[in-house]
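This is what each chain is made of:
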Amino acid sequence: MAVEQFVSKTLELLQEEREAEIEETRIWQENISLKDLQNKGVCLLKLQIGSQSTGLYGRTVVVLEPRKHLGFLSLPSNSFGPGDIVGLYDTGGCTPASQIGTGIVTRVSQVSISVAFDDSNDGLSFDTGALHNLLKLANDVTYKRMKNALNTLNGYSNGPAANLINVLFGDSKPSMQSQPIKFFNSNLDDSQREAVSFTLSQRELAVIHGPPGTGKTTTVVEIILQAVKQGQKVLCCAPSNVAVDNLVERLARCKAKVLRLGHPARLLESIQKHSLDAILAQSDNANIIADIRKDIDKAFIGIKKMREKGERVNFKREIGELRKELKSREATAISQILKRADVVLSTNTGASGSGPLKFLPAEHFDWVVIDECAQALESSCWIALLRARKCILAGDYKQLPPTIKSQKAASKGLSLSLMERLIQMYGDSVVRMLTVQYRMNSAIMNWASKEMYQGRLTAHSSVERHLLKDLPGVACVEETSTPLLLIDTAGCGLSEMEVTDEQSKGNQGEVDIVELHIKALTEAGVKAKDIAVIAPYNLQVDLLRQKLSARHPELEIKSVDGFQGREKEAVVLSLVRSNRKGVVGFLAEDRRINVAVTRARRHIAVVCDTQTVQTHAFLKSLIKHMTEFGEVRTAFEYIQDIVPQNYTRDHKDTKANTSKCPGSSSNENAAATEKHTKSCMTALTEEEQKKNRCAEIRVQVESFLKDLSQKELQFPSSFNSHDRLLVHQIAEELGLVHESKGEGKDRCIMVARPLVSTPEKETIPNPQSEPMCQPTLDLKSLHLDRMKREQQKREEHNRMKAGACGIAAAAAPDEDFDTLLDAVIKAERVCSFVRCKASVLMLGQLCLFCNRQYCLSHHIPEIHGCGDKAKSHARMRISKEGVLYAGSGKKDKSMDPNKKAYLQRKLDSKLKDMSSQRKPKNKENDS
Ligand SMILES: Nc1ncnc2c1ncn2[C@@H]1O[C@H](COP(=O)(O)OP(=O)(O)OP(=O)(O)O)[C@@H](O)[C@H]1O
Ligand SMILES: [Zn+2]
Ligand SMILES: [Zn+2]
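Residue indices begin from 1 for each chain and proceed along its sequence in written order. Labels are handed out in written order, letters beginning with A for the chains and numbers beginning with 1 for the ligands. Only residues with pLDDT of 70 or above have their local features reported here, since the model is predicted, and side-chain atom pairs are shown and tallied only from 80 upward, although totals for entire chains, interfaces and linings are computed over all residues. Side-chain numbers here rest on the full set of heavy atoms in the structure, without hydrogens or water.

The chain is annotated in an unreviewed UniProt entry as DNA-binding protein SMUBP-2 from Cyclopterus lumpus. Turning to the chain, the UniProt annotation filed under Function (unreviewed entry) states: "5' to 3' helicase that unwinds RNA and DNA duplexes in an ATP-dependent reaction. Specific to 5'-phosphorylated single-stranded guanine-rich sequences. May play a role in RNA metabolism, ribosome biogenesis or initiation of translation. May play a role in regulation of transcription. Interacts with tRNA-Tyr." UniProt positions are given in the numbering used here, feature names are shortened, and annotations may be inferred rather than shown by experiment. For the chain, the Subunit (unreviewed entry) comment in UniProt is given as "Homooligomer. Interacts with RUVBL1. Interacts with RUVBL2. Interacts with GTF3C1. Interacts with ABT1. Interacts with ribosomes."

In structure tokens form, the structure reads like this:
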């Protein structure tokens, strides 16, 4: 009864799904011209027939080409690929009336496309003189095969699978019979061994639950080898060609006699030698078969030459005879080859009785193994299962289920995989879970383990602590030393794009941040091919590709769904959603997030708006985990401000009042203000220490100022970078010259009174650097004057630039910043980063946390070791300002002139009323 119910319900849902698919294709094909279809790559117009021959199983293979005599040498760019179902039409159009036939694409090159036509429409002959249109059709082969399998299941009475069917529908219980094992692979871990022994002793059904990186394939391979040793014939399937090929490769390495079904054009090149075609070509029958094919081809040529209808009929009859012979020869050859193999592999649908397996007796196979079972529709599993007495299902139902177009059908149960259904029915008694994982650093794994796998996973010692910096050629910087990095855009105004389509969302701000992080990783020596950029939305994937693919051709940028089953050393995940309502849409699928995160071996960076995504419980758990066990940065640390910021100081501005910290708006000195804000986040004792330190230094500087006999004040080299920062800040505030000298341990900072004349040397172009405490009056007014002048100069400069040559608005501040650097820091010539010899004269950047010059590769505080300071500074700034100015983002030279002019105006006015400062955290090499 259960079977009938299942079949009728599933047939209904499949029908619904099929209709949804057809409807989707129809809608966009009906509203579009043939020309547009060609532009979309799904149609090829006005092709001529180049040649015609006979392929496997006596099909007619037609090669279609562009019109050579008109000088068309290559086909228009298109999305046709091997395995696609296509309709061939005469040039009347692409209507059913003008359809000549439907076939399957076997080969696509730049200059031609080959299509195999079934010989069911016997005598199908093509007018070689005429032109043809080719249109991609919705593939209904899979659908038909599933439907057939379900119908067979319904009426199944006494084939090999009878008992298995009872078990899979709960009519009889699974049974077992334990037996001793000698393992082929002596390296299997305990959970893998247990899964193998359990599978061998189960009589009908075993489910292997393999969470990410737990060696599911390794285990399945061992199981298959054990089965072969027992003399069992195994049919092994998976929903995708890639997954099947993976198994073929691994089994072949273990010297198993494998045979891969499926069109060779669909297989990985390395796998093709195991394909039926390849083996058939080497068989004894191969020559005879080739001869018959030649005869058929000759007969076709004969037909073309004949004018008389009667003669054509003769040729057609001859062709018919030849085809019959060819078929029977091939059938014999194929069945011999199939019987010789110990393991036959194909996709779920490839196991259909309409393919080569029709040459085998029904009870040929003993076991059916279905890998990635949770990613398959149950009905597609039945295509293979009807041939089995025992089945082994492997997969992870905590990852994404198969894609289903009809939401309704999915919610009514079409998306429930066989694996999940059986676990619901039998619980853990039929399941063994692999629990040692060989992919992720334990910090990455622990979250997935806790949230998805009942905390049962452990990381193998070989991966437990592995980090990017352990890879050869990778430098040890903050990015490469942390397994978890959360880059939070909350409060930064990096909203998602306003697109109505729920399926397509983008976020340009996140694209920019991803780019900067990729830059940091690659500059640290991580290879682009070891990094994946993953986004849940196709639009974001496109935006990311536009930005990154040219510079990093080997960087893989894909949707989550497209990355299932894969892994990379580093994964950068952009979650896209950032909106006030906290709508997360597509992200609400926990399994999608699980897949995305668990692709990473050594490092995962998540770029997201925590405020938006935390409205979803599962994402919240991820944020919480990353916050607790990883690095957290804010997008402020990545975004290059429009406004130059050379000081880290804060001001008595009104914005400061919005800070949650009581007293942060008080008129204190800069460092103290900063500290005060920090005290909201860190321990007070540390705060107070710093405060005292600042006061100490201030006293020293002030007494130096009083003592006119002293030309300069040199601080001891024992000053650490933070001390030097304080000196720097105090000196700036008081309008003093300050300079760091020496390398490494000998490095020290000195301050001196400013030189009064030569304005070039005193370019300190910051209008916001009003001192806040009460320094010596003369100096203060001197300083203010100087800045006013500078401000005017800059405005002038910017106006000229924006008007005359239209350089990106954001570039101007950088140049001023460079000028500032050149003026203020003279002694620095090489990058301060250990072992880096790059000159910093022209393109260096000063780190305001350690007050040292760095080259462009090392100036980011996180890279040379000021990450913590930068972070707390940024946090402070966010809590203080609570906003990020719109329009910020990294500069883009491709910006259009209107936007540039607009930004320029905005910059000008901002410069005037800016009352707080931020510093550029990143300077692009392209200025
Ligand atoms: N027992 C083991 N000892 C050492 N390494 C192992 C063991 N089992 C698996 N591995 C390693 O773990 C990695 C993943 O294994 P495998 O390819 O079998 O899994 P998979 O099926 O591809 O991945 P997943 O488990 O994510 O489905 C491989 O690099 C493999 O060498
Ligand atoms: Zn620094
Ligand atoms: Zn450097």
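Draft legend 1. How the structure looks around the overall build of the chain. Along its length, the chain carries 29 helices and 26 strands. Note on exposure labels: buried denotes an accessible area under 20% of the residue type's maximum, exposed denotes more than 50%, and partly exposed covers the range between, all computed with a 1.4 Å probe on protein chains only. Counting all 927 residues of the chain, 56% fall into the buried class. For the chain, the share of sequence-separated contacts (at least 6 apart) that also reach a separation of at least 24 residues comes to 74%. Computed by Shrake-Rupley with a 1.4 Å probe, the accessible areas treat only the displayed protein chains as cover when residues are assessed. Total accessible area computed for the chain in this model is approximately 39,800 Å², and 51% of it derives from carbon and sulfur atoms. Each helix is a run of DSSP H or I of at least 4 residues and each strand a run of E of at least 2, with the numbering of both proceeding from the N terminus. Residues count as neighbours in contact if any of their non-hydrogen atoms are within 4.5 Å of one another.

Draft legend 2. Representation of the sheet that holds strand S18 (residues 556–559). Note on pairing: two strands pair once DSSP finds at least 2 bridges between them. As summarised here, the arrangement of the 6 strands in space is S18-S17-S19-S20-S16-S21, forming an open sheet in which the pairing is parallel. One side of each edge strand has no neighbouring strand; the edge strands of this open sheet are S18 and strand S21 (631–634). For this sheet the average axis-to-axis angle between neighbouring strands, irrespective of direction, equals 20°. Whenever a helix is involved, its axis is fitted only over the stretch in contact; in every case the axis is a line through C-alpha atoms, and angles between N-to-C directions fall within 0 to 180 degrees.

Draft legend 3. Local environment of the packing of helix H16 (residues 508–523) against helix H17 (residues 538–548). At a closest axis distance of 10 Å, the pairing of H16 and H17 adopts a crossing angle of 45°. Taken together, the axis directions place H16 and H17 in an arrangement best described as oblique. Between H16 and H17 lies a crossing whose hand is right-handed. Contact residues: Gln508, Glu510, Val511, Asp512, Val514, Glu515 and Ile518 in H16; Gln540, Leu543, Leu544, Lys547 and Leu548 in H17. Note on angle classes: values under 35 degrees are labelled roughly parallel, values over 145 roughly antiparallel, values of 65 to 115 roughly perpendicular, and the remainder oblique. For any helix crossing, the convention is left-handed if the near helix is rotated counterclockwise from the far helix by under a right angle, and right-handed if that rotation is clockwise.

Draft legend 4. A look at the sheet that holds strand S7 (residues 205–209). Across the sheet, 7 strands lie side by side as S9-S10-S8-S11-S12-S7-S13; this open sheet has parallel pairing. Of all strands in the sheet, those with a lone pairing partner are strand S9 (258–260) and strand S13 (431–433), marking the two edges. Within the sheet, the average angular offset between the axes of one strand and its neighbour, ignoring direction, is 20°. Direction of pairing for S7 relative to S13: parallel, over a ladder of 3 bridges.

Draft legend 5. Structural context of the nonpolar core. Buried residues of nine kinds, namely Ala, Val, Leu, Ile, Met, Phe, Trp, Tyr and Cys, make up a nonpolar core once their side-chain atoms join them within 4.5 Å. Counting residues in hydrophobic clusters, the biggest one holds 71 residues, and the most contacted among them are Leu153, Leu205, Trp382 and Leu385. The dominant element in this core, judged by the number of residues it contributes, is helix H10 (residues 309–340), at 7 residues. Not counting residues within four places of it along the chain, the set of residues in contact with Leu385 comprises Ala161, Leu164, Leu168, Val368, Ile370, Cys391 and Leu418. The next biggest cluster of nonpolar side chains, apart from the first, holds 41 residues, and it includes Ile444, Tyr537, Val576 and Ala596.

Draft legend 6. How the structure looks around the environment of Pro361. One can find Pro361 in the loop between strand S10 (343–347) and strand S11 (367–370). Along the chain, Pro361 and Ser335 lie 26 residues apart, while their C-alpha atoms are 9.3 Å from each other.

Draft legend 7. Representation of the confidence of the model for the chain. Put simply, the chain has an average pLDDT of 78, and 77% of its residues get 70 or more. Confidence per residue, as judged by the predictor, is encoded in pLDDT with a range of 0 to 100. Predicted confidence for residues 803–828 stays below pLDDT 50, and this span has 58 contacts to residues more than four positions away or in other chains. Scored as a whole, the predicted complex attains pTM 0.65, and scored at its interfaces, ipTM 0.91.

Draft legend 8. Just the pairing of strand S4 (residues 99–108), in detail. Bridge count for strand S3 (residues 85–90) against S4 is 5 bridges, and the pairing is antiparallel. Bridging across to S4, Leu88 finds its partner in Gly101. Where S4 hands over to strand S5 (residues 113–117), the hairpin turn is made up of 4 residues, counted between the paired strands.

Draft legend 9. Seen up close, the pairing of strand S1 (residues 43–54). Across 4 bridges, S1 lies against strand S6 (residues 131–136) in antiparallel orientation. Looking across to S6, one finds that Leu44 is bridged to Leu134. Across 6 bridges, the pairing between S1 and strand S2 (residues 60–65) is antiparallel. Bridge assignment links Ser51 to a residue of S2, and that residue is Val63.

Draft legend 10. Broad picture of the site of ligand 1. When we say a residue is near a molecule or strand, we mean one of its heavy atoms is within 4 Å of it. Taken together, 15 residues lie around ligand 1, and Asn187, Gln192, Gly213, Thr217 and Thr218 are the ones closest in. Any pair of nitrogen or oxygen atoms within 3.5 Å is treated as a polar contact; in protein, a donor-acceptor pairing is required on top of that, and neighbouring residues in sequence qualify only through side-chain atoms on both sides. Between ligand 1 and Asn187 there is a distance of 2.8 Å, counted from a nitrogen atom to a backbone nitrogen or oxygen. The contact in question runs from a nitrogen atom of ligand 1 to an N or O atom on the side chain of Tyr438, over 3.1 Å. A total of 610 Å² of accessible area belongs to ligand 1 in isolation, and the protein chains cover 70% of it. No other element matches helix H6 (residues 216–229), which puts 3 residues into the shell around ligand 1.

Draft legend 11. Region of interest: helix H14 (residues 442–452). Among the 11 residues that make up H14, 8 are buried, leaving the element largely enclosed by the rest of the structure. Regarding H14, the residues found buried are Ser442, Ala443, Ile444, Met445, Trp447, Ala448, Ser449 and Met452. Contact partners of the buried residues in H14: strand S14 (436–437), strand S15 (458–459), strand S16 (484–488), helix H19 (590–597), strand S20 (600–608) and helix H21 (617–629). Of the residues that open H14, the one with a side-chain oxygen 2.8 Å from the backbone nitrogen of Ala443 is Asn441. A positive backbone phi angle near 50° is found at Gln454, which sits one or two residues after H14.

Draft legend 12. Main features of the packing of H14 against H19. Between H14 and H19, the shortest axis-to-axis distance is 10 Å and the interhelical angle comes to 155°. Judged on the interaxial angle alone, H19 and H14 are roughly antiparallel. Read as a crossing pair, H14 and H19 show a hand that is left-handed. Contacts between H14 and H19 involve Ile444, Trp447, Ala448 and Met452 on the former and, on the latter, Asp590, Arg591, Ile593, Asn594 and Val597.

Draft legend 13. Molecular detail of the packing of aromatic side chains. For Phe, Tyr and Trp, rings pair up if their centres lie within 6.5 Å, where Trp contributes its six-membered ring, and each pair is then called stacked (planes under 30 degrees apart), edge-to-face (over 60) or tilted (otherwise). Evaluated as defined, the whole model comprises 3 aromatic pairs. Geometrically, the ring pair formed by Phe6 and Phe169 is tilted, given 5.3 Å between the ring centres and 55° between the ring planes. Here Phe6, found in helix H1 (residues 2–30), pairs with Phe169, found in the loop between helix H4 (162–168) and helix H5 (190–201); they are 163 residues apart in sequence, far enough to count as distant. Grouping residues by exposure puts Phe6 and Phe169 together as buried. For the ring pair Trp447 and Phe618, a centre distance of 5.0 Å and an interplane angle of 50° mean the geometry is tilted.

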